[in-house]
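Residue-level structural notes
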Amino acid sequence: MALAIFDLDETLIHGDCASLWSEQMARLGWVDGKSFLKRDHELMEAYGKGHLQMEDYMAFSLEPIAGRTLEEVEHLVEPWVEDVIEPIIFGDACRCIAEHRKQGDRILIISASGTHLVGPIAARLGVDEYLAIELEALNGVYTGKTHGVLTYREGKITRLLEWLDQEQENLEGASFYSDSRNDLPLLLKVDHPFAVNPDAVLREHAQTNGWPVLNWV
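My aim in this report is to walk through the structure given alongside it, one point at a time. (Residues numbered from 1 in each chain as written. Predicted model: local features only at pLDDT ≥ 70, side-chain atom pairs only at ≥ 80, totals over all residues. Heavy atoms only, no water.)

The subject of this paragraph is the side chain of Thr115. Along the chain, the position of Thr115 falls in helix H6 (residues 115-124). By relative accessible area, Thr115 is classed as buried at 17%. Those residues in contact with Thr115 that sit more than four places away from it in its chain are Pro120, Tyr130, Ala132, Ile133, Glu134 and Leu135. (Helix = DSSP H or I, 4+ residues; strand = E, 2+ residues; numbered from the N terminus. Buried < 20%, exposed > 50% of the residue type's maximum accessible area, 1.4 Å probe, protein only. Contact = heavy atoms within 4.5 Å.)

Of the pockets and cavities examined, the largest pocket occupies roughly 240 Å³. As for the largest pocket, its lining consists of 15 residues, of which Glu10, Met44, Tyr47, Gly48 and Asp179 are closest to the centre. Counting residues per element, the lining of the largest pocket draws most heavily on helix H2 (residues 33-48), which supplies 5 residues. Along the lines of polarity and charge, the residues of the lining of the largest pocket split into 3 nonpolar, 5 polar and 7 charged. (1 Å grid on protein atoms, 1.4 Å probe; cavity = no way out; pocket = protein on both sides within 12 Å on 5 of 7 lines; lining within 4 Å. Points joined across faces, edges and corners; volume = space filled by probe spheres on them. Nonpolar A, V, L, I, M, F, W, Y, C, P; charged D, E, K, R; others polar.)

Close approach of charged atoms allows side chains of opposite charge to pair. Enumeration over the complete set of coordinates arrives at 13 salt bridges. Residue Glu42 is joined to Arg39 by a salt bridge in which the shortest nitrogen-to-oxygen separation is 3.3 Å. Of this pair, Glu42 and Arg39 are both found in helix H2, 3 residues apart, which corresponds to roughly one turn of the helix. Accessibility expressed as a relative area gives 33% for Glu42, which makes it partly exposed. Arg39 sits in the partly exposed class, given a relative accessible area of 38%. Between Arg159 and Glu134 there is a salt bridge whose closest N-O contact spans 3.5 Å. Of this pair, Arg159 sits in helix H7 (residues 154-167) while Glu134 sits in the loop between strand E3 (130-133) and strand E4 (135-138), placing them 25 residues apart in sequence. You can call Glu134 partly exposed: its relative accessible area is 28%. Linked through salt bridges whose partners overlap, the residues forming this network are Arg106, Glu129, Glu167 and Glu169. (Salt bridge = Lys/Arg side-chain N within 4 Å of Asp/Glu carboxyl O.)

Rendered as structure tokens:
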């Protein structure tokens, strides 16, 4: 049994769940839609270019849920996953997960989005295990802060190595699927890297190094 590791945004789904949730918060009236979504777009552009400080994005994107209970947010995320996320799940991604499961591989999603989004989306994909950015909560109420190492760039490796140690697992024969240049550190750590609908930097790297380039729909 080997690990089959998947990025989430733009890899398993055709979109970024954090930005889509920002749009949902605007619909809910939690934020001023125009200014909030403008700033979200600016930060995501920086992400796409590999320039984003993830701490900045999380501080911005979590501010609207500060002071809200875990139950309130969960109650609203669940139907959003069904209505917004499920239609943009790549069919090829589902088939790939199923094939790895058939081979007896252990499936893990590792994402630079928050656990409040990644957990329900992973469940919808039928994946039980995931690593994502942990959100701080006190007495069942979100503070708007994160805690622990953020699962972004090299942070994905740090969190994965901790998980491997806890689970008595290793990376022997592991696969990792991602769309983003930001995941090059982890792609370089696994035996079987796959570039899925890759950005320009990742595509060039994959082609130079003979990595499979997958065009999922």
